[in-house]
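Below are the chains, spelled out letter by letter.
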Amino acid sequence: MSNKPISLKQALHRANLGISLFTFIAKKAKDERCETNLNNLIALAHGVHQEVHHALLKHAPQPPMNKLLNCILYRKSDPLGQASFRAGLCTSLYEVILEQASQHCSEELHDLLSLACDINQEVYYSLYAAVNGEDE
């Protein structure tokens, strides 16, 4: 990852990938019969990731028709500052998830969770830069 944050449009794309990845992770964690606590933490991270994605849908550059549709569908989504805060909190949550996954899950699931963590980090840095007026 470079030192320069990705654009909000790229962050939206990454968040969308993260949503799909979490769907797969949740199914895999249930198939592996991971501990209930770990499954709950994964569900929490998935929920936070969806909230961040919804906020990005309203603020990321996109065609006017898509932007209008997303504003109508996600009226109650959080402003970028709140989304940035949540993505930052999710970073700490990933530390706990990865620690538990390394002890109780397969290496493959741990690697998928690591990928989701990396996606969250990129989205967080993009949101942080947008909120604090740093160059994208």
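Everything discussed here concerns the structure shown above.
Everything in this summary refers to the structure shown in the same document. (Residues numbered from 1 in each chain as written. Predicted model: local features only at pLDDT ≥ 70, side-chain atom pairs only at ≥ 80, totals over all residues. Heavy atoms only, no water.)

1. Comments concerning the pattern of salt bridges
And step 1. According to the stated counting rule, one finds 5 salt bridges in the structure shown.
And step 2. E122 serves as the salt-bridge partner of R14, at 2.7 Å between the closest nitrogen and oxygen. Pair noted here: R14 is in helix α1 (residues 8-31) and E122 is in helix α5 (residues 107-131), with a separation of 108 residues, a long-range link.
And step 3. The class of E122 is buried, set by a relative accessible area of 17%. (Salt bridge = Lys/Arg side-chain N within 4 Å of Asp/Glu carboxyl O. Helix = DSSP H or I, 4+ residues; strand = E, 2+ residues; numbered from the N terminus. Buried < 20%, exposed > 50% of the residue type's maximum accessible area, 1.4 Å probe, protein only.)

2. Topic: the packing of α1 against helix α2 (residues 36-59)
And step 1. For the pair α1 and α2, the least separation of the axes is 9 Å and the interaxial angle reads 155 degrees. Considering the angle they form, α1 stands roughly antiparallel to α2. Crossing angle aside, the handedness with which α1 passes α2 is left-handed.
And step 2. In terms of residue class, the contact of α1 with α2 is built from 12 nonpolar, 9 polar and 2 charged. (Axes fitted to C-alpha atoms, helices over the stretch in contact; angles between N-to-C directions. Parallel < 35°, antiparallel > 145°, perpendicular 65-115°, else oblique. Left-handed = near helix turned anticlockwise from the far one by under 90°. Nonpolar A, V, L, I, M, F, W, Y, C, P; charged D, E, K, R; others polar.)

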